[in-house]
Amino acid sequence: MPLLDIFRAKSQQLYWARLPESNVVDGATPSTIEKNEAYFILRMKEMYVAYSRKLWRKLYPMLHSYVEHGKTQENAIAGPGQLRELGDSNLERIVNLNYRLAGPTVFTGEDLSILAGLYSVPGEDAAKALIDTVASVASLGGVALGSGVQIAQAVKSGVESILGLDGSRLQLGIRDTVNAGKPLRSGYYLGISAPAGEVDIHTLWLKDGRLVQGEDPMVAGAYQDHDYMVLEIERRDTRDDWPSLPGIAEYQSQFGAIMADSKLAVPDKRKQLKDLWPSFQQSLAASLLLTAPDRENIAHSVSKDLNARLDAMEHGNPFETRSWSDAKTQAIAPGDFDFVDVGVYTDRGDPASVGQAREALTRNPFG
């Protein structure tokens, strides 16, 4: 070996690529995420570090992500240290699967950029740092209270405290704009801390959300050769959490107060709903957290639900409702209005139903 080779080494291009559809067993069929028509969710399907101990120190995987899409930015930390109730020992034995990193976010057609780092971190000290971070984030109440900046600061502080620990090491980092100049599609991405030329993608499979290796995916075993992470871009058509979104949640109490007021006759309730509805329409139309179809669906479903309750009150009929995210019907009092009990009235496959939904967002359904 020449003497100079002792002081130099060639750089290695580590493996990062979208998994071919043929390598995904029993996974969701990839689909295009249309501009302003659907949401995306970035999810950590699985992460793995090959060594759980170095000398006397136990190590476990931690993934830090930063996702940027248009004016939306989200930070996230995934790691077993977030499980406060399990304590801070034997964390390397916890399986990390299906952790949401970002979204649901309306896809606006702009670039989706992902910065993610897979770290091996010393267990006990990092667990305490993560627990403190999660406790700080939980105390802020989440996105519904408009705490995005505070959450980002708490996560940033937590990451800095973890990465400052002696023994923390970046095993694999990626920065990618996954739809640069192309439509955004759902699917899976695989990063492996190994030279790209040494990875035989023809023997790697994603089966039940886990990375396995073998000539046949049915008998393949867990992949354990190198550190790796599997990320998923998931397509979502609707948001089940719309009742808690800022700009919408406050109408729960306003609609509920009108419907629950026993001193108001049905015509008076209808008039007050008519007066309140334009403000609700404006809030829906201005929401950047909802797709155009969901704005229409919500306006249609809420107006249909309220009108059905008014009819039940007027004629003394029983009232049954089916919640947005649950197909089960339930009998409730017409005056007990709650967004979570609002049924799904829009059939996006029926042009007439879609037309009614659009009218609910532009016209007043209460007269």
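This structure is a prediction, so every number in the text was calculated from the model and none was measured. Every chain begins its residue count from 1, and numbering advances along the sequence as written. Reporting in this predicted model follows two pLDDT cut-offs: at least 70 for local features of residues, and 80 or more for side-chain atom pairs to be given and counted; totals over whole chains, interfaces and linings ignore these cut-offs and use all residues. Values shown for side chains rest on all heavy atoms present in the structure; no hydrogens or waters enter the calculation.

K.L.:
Whenever I open this one, the packing of helix α3 (residues 250–260) against helix α4 (residues 266–286) confuses me. Can you help?
P.N.:
Each pair of packed helices can be described by the angle between their axes along with the distance between the axes. Their axes nearest at 10 Å, the elements α3 and α4 cross at an angle of 170 degrees. The angle between α3 and α4 places the two elements in the roughly antiparallel class. Of the residues in α4, those touching α3 at Tyr251, Gln254, Phe255, Ile258, Met259 and Ala260 are Lys269, Gln272, Leu273, Leu276, Trp277, Ser279, Phe280 and Ser283. The residue classification treats Ala, Val, Leu, Ile, Met, Phe, Trp, Tyr, Cys and Pro as nonpolar and Asp, Glu, Lys and Arg as charged. All others, Gly included, are polar. Partitioning the contact of α3 with α4 into residue classes produces nine nonpolar, four polar and one charged. To get an axis, a line is fitted to the C-alpha atoms, and for a helix only the part in contact is used. The angle between two axes follows their N-to-C directions and goes from 0 to 180 degrees. Helix and strand definitions here come from DSSP, where helices need a minimum of 4 consecutive H or I residues and strands a minimum of 2 consecutive E residues; each element is numbered from the N-terminal end. Roughly parallel covers angles under 35 degrees, roughly antiparallel covers those over 145, roughly perpendicular covers 65 to 115, and oblique covers all other angles. Any two residues whose heavy atoms approach within 4.5 Å at even a single point are treated as in contact.

K.L.:
What am I meant to see in unusual backbone geometry here?
P.N.:
Note: most peptide bonds trans; most residues except glycine with negative phi. Residue Gly103 is joined to Pro104 through a cis peptide bond whose omega torsion reads 5 degrees. Among the secondary structure elements, Pro104 is positioned in strand β7 (residues 97–106). Positioned with a positive phi, Asn36 is a non-glycine residue whose angle comes to about 60 degrees.

K.L.:
Got a minute to help me understand the environment of Thr238 in this structure?
P.N.:
Along the chain, the position of Thr238 falls in the loop between β14 (228–236) and α3. For Thr238 and Asn297, which are 59 residues apart along the polypeptide, the C-alpha to C-alpha distance reads 9.2 Å.

K.L.:
Just checking my understanding: could you explain the confidence of the model for the protein for this structure?
P.N.:
Across the chain, each position has a pLDDT score giving the predictor's confidence in that residue, from 0 to 100. Here the protein averages 81 in pLDDT, and 74% of its residues register 70 or above. Counting contacts from residues 6–10, a segment whose pLDDT is below 50, to residues more than four positions away or on other chains yields one contact. Note on residues 138–147: pLDDT under 50 across the span, and ten contacts to partners over four residues away in sequence or across chains.

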